[in-house]
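Residue-level structural notes
The chain contents come next:
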Amino acid sequence: MPAPVRLGVVMDPIGDIKPAKDTTLGMLLAAQARGWELHYAEQRHLWLRDGVAMGRLAPLSVRLDLADWATLGAPQDRPLGELDVILMRKDPPFDTEYIYTTYILERAEAAGSLVVNRPQGLRDMNEKVYTAWFPQCCAPTLITRDMDDMHAFLREHGKAVCKPLYGMGGRSIFVIDRGDKNASVVFETLTDYGSRYAIVQRYLPEIVTTGDSRVILVDGEPVPYALARIPTAADNRGNLAAGAKGVGRPLNDRDRWLAGQIGPVLREHGMLFVGLDVIGGFVTEINVTSPTGIRELAKEFQVDIAAQLMDAIERRLTARRG
């Protein structure tokens, strides 16, 4: 009988998650259901010693209990390369500490672990900037440090969304109209007076009616349903963390076309679990760090996206062994 798959997860503190909807917990439940061994670590539990990626790994068991969803065993210091697969599920901000963690995980990859998503891809594919590789899929977008150029972009399009390149969950997202007297303050704040890059995109009014849809790709292939996040009447942001309402819907032809443009490239670069943010038929972000939404879709459509991801991981592991 073959040994069970040894799966490690790097995540934010598991005791602080919202178990009813946490995507990482859904993944862990699916892996455990297959008899896989689970091992838990936070970012602070990883290090390099003489080029070897190490982790303070705690045995983990999980259950669908909203009051008591995880049990951790005694942690042990082990080479990360002993794990068959590592799920990197640490939330942004994508800062220098996150980048250092990808270096550690890349050494684990070199020692034989399958890291999902691939560390080099996490570094190369900034969730806002990487949209530039697919301009045919996106609304007009400007990434710059120059505040005059930002003002010119706003004058050109009349209304724009401005946000930093490193955040998540709707943090520090501004919607600005032409002539808004706060525009200069917003641009100054987000660029730190021209010393760092920010992104400006043409405002897409469909955010109000059809929301910001999360299209999930598993190993480059789209899940047949998207999670549309509809902002509240008092907010512009289509983020669940900002109070938006999640409503599932089937993919449309435009969604499938976008997935066909982007999915094969992501698959080629080892990005097995990715979320495309789509507003009005345009991709606004390509989420590669810790996409969410699978629990909501599972509840509404009885689609087991976590199991699909485990299938994809098994295929990759089988191909490696072959």
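So, here's what we can say about the structure. Computed from a predicted structure; not experimentally measured.

Moving on, we get to the packing of helix α4 (residues 147-157) against helix α5 (residues 183-191). Viewed as axis vectors pointing N to C, α4 and α5 meet at an angle of 135°, and their least axial separation amounts to 10 Å. The angle between α4 and α5 places the two elements in the oblique class. Like other packed secondary-structure pairs, α4 and α5 cross with a definite hand, here right-handed. On the side of α4, the interface is formed by M147, M150, H151 and L154, while α5 contributes A183, S184, F187, E188 and T191. Split into classes, the residues belonging to the contact of α4 with α5 amount to five nonpolar, three polar and one charged.

If you walk across this open sheet you meet the four strands as β9-β12-β10-β11, and the pairing is antiparallel. Each edge of the open sheet carries a strand with a single partner, namely β9 (141-144) and β11 (174-177). Strand-to-strand twist of the sheet, defined as the mean angle between neighbouring strand axes without regard to direction, takes the value 25°.

Residues L28, I305 and I313 are the most contacted members of the largest nonpolar core, which totals 37 residues. With sequence-adjacent residues up to four places away left out, L28 is seen in contact with L7, V9, M11, I14, L38, L60 and V62. Listed in part, the 36 residues of the second largest apolar core include A41, L122, Y130 and V288.

Parameters and conventions
Residues numbered from 1 in each chain as written. Predicted model: local features only at pLDDT ≥ 70, side-chain atom pairs only at ≥ 80, totals over all residues. Heavy atoms only, no water. Axes fitted to C-alpha atoms, helices over the stretch in contact; angles between N-to-C directions. Helix = DSSP H or I, 4+ residues; strand = E, 2+ residues; numbered from the N terminus. Parallel < 35°, antiparallel > 145°, perpendicular 65-115°, else oblique. Left-handed = near helix turned anticlockwise from the far one by under 90°. Contact = heavy atoms within 4.5 Å. Nonpolar A, V, L, I, M, F, W, Y, C, P; charged D, E, K, R; others polar. Pairing = 2+ DSSP bridges. Core = buried A, V, L, I, M, F, W, Y, C linked by side-chain atoms within 4.5 Å. Buried < 20%, exposed > 50% of the residue type's maximum accessible area, 1.4 Å probe, protein only.

The values reported here are purely geometric and, on their own, carry no functional implication.
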